[in-house]
Amino acid sequence: MHKRVLLALGYLNIDLYHGIIKYAREAGWILNTTMVHYGKIPTDWVGDGILTFLIQDRKDLIEHVGRFDGPAVDFSMDVPEVDVTRVIPDNYQAGVVGAEHLLARSYHDLAFVQFIDSYNIRTRIEGFRKTAEAAGANYQCWSWPEAAAKGETNWLDWLKAELRTVNGPLGILAQSDNRAISVLAACEELGISVPDDISLLGIDNNQISCDLAAVPLTSVDTDW
């Protein structure tokens, strides 16, 4: 009898979809892909397991997975309070690779741009920071969660203020490809050229995000 599995990802990741589809075909699973098309959880679904990517913004998904009486696998650590099995990439090494890439191009001033406070992102920061400091580079973290806690209300204004402090060549690693695009938006408003004035990397190598960015992005491939 074929297993029925709900594909309930709260975050778009094309490579992750491809991996799931490949395995599902080999295993003879029947995937419910309602959320892929409509973004909504199928309320009438009955099945054997859930594959999910939990994020704090999707409270409905968190509650649904939390109520499910069966096996579930989460591809993130953003919602640790939900007790499920987890499979995640090596986020620490992603930070290491990002720093090494910039250091190899003779950047001695490095910055990590953080937009959310989660295990995945904190681990990426740690790999980036330790690698930068071990090489004797100047390291800083531009943290939107810290700025928001101090009363900042607009992330774009905050990011532009950080960019205005840049004096000389700077290598930036953003927490993800989508957030690298946010950095690009701030640079564009300030007339800062990427990669002429600063170098910018993303993480995850999301082909759609990287290719459709205003400047095609270089990214650390986490091999989803």
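Here, every reference points to the structure presented above.
This is a predicted model, so every value here is computed, not measured.

Enquirer: Which parts of the structure should I look at to understand the side chain of Gln114?
Expert: Checked against the element boundaries, Gln114 lands in strand 6 (residues 109-114). Under the relative-accessibility criterion, Gln114 is labelled buried at 6%. There is a polar contact of 3.0 Å between the side chain of Gln114 and the side chain of Ser143. Not counting the four nearest positions on each side in its chain, Gln114 is found in contact with Ile121, Ile125, Cys141, Trp142, Ser143, Trp144, Pro145, Trp158 and Gln175.

Enquirer: Hey, could you run me through helix 1 (residues 14-27) in this one?
Expert: In an α-helix, one full turn covers 3.6 residues, which means residues spaced three or four apart are oriented alike. In this model, helix 1 (14 residues) spans 20 Å end to end at C-alpha, consistent with the 20 Å of a helix rising 1.5 Å per residue. Along helix 1, the residues classified as buried are Leu16, Tyr17, Ile20 and Ala24. Taken end-on, helix 1 shows its buried residues confined to a sector of 100°, consistent with a single buried face. Counted as exposed and oriented over 90 degrees from the buried face of helix 1: Lys22, Arg25 and Glu26. You can read the cap of helix 1 off the contacts: a side-chain oxygen lies 3.2 Å from the backbone nitrogen of Asp15, and it is on Asn13. Positive phi appears at Gly28, one or two residues downstream of helix 1, with a value of about 75°.

Enquirer: I tried to follow the sheet that holds strand 9 (residues 198-203) on my own but got confused; where do I start?
Expert: Whether parallel or antiparallel, the strands of a sheet pair through hydrogen bonds between backbone atoms. Read across the open sheet, the five strands follow the order 7-6-8-9-10; overall the sheet is parallel. Of all strands in the sheet, those bounded by a partner on one side alone are strand 7 (138-143) and strand 10 (218-220). Shown here is a sheet whose adjacent strand axes are inclined to one another by a mean of 25°, direction ignored. Across the sheet, helix 7 (residues 155-164) lies against strand 6, strand 7, strand 8 (170-174) and strand 9, angled at about 160° from strand 7, the strand it touches most.

The rules behind each value
Residues numbered from 1 in each chain as written. Predicted model: local features only at pLDDT ≥ 70, side-chain atom pairs only at ≥ 80, totals over all residues. Heavy atoms only, no water. Helix = DSSP H or I, 4+ residues; strand = E, 2+ residues; numbered from the N terminus. Buried < 20%, exposed > 50% of the residue type's maximum accessible area, 1.4 Å probe, protein only. Polar contact = N/O pair within 3.5 Å; in protein donor to acceptor, adjacent residues only side chain to side chain. Contact = heavy atoms within 4.5 Å. Expected span 1.5 Å × (residues − 1). Arc of directions from axis to C-beta. Pairing = 2+ DSSP bridges. Axes fitted to C-alpha atoms, helices over the stretch in contact; angles between N-to-C directions.

The quantities given are spatial measurements derived from coordinates; they are silent on function.
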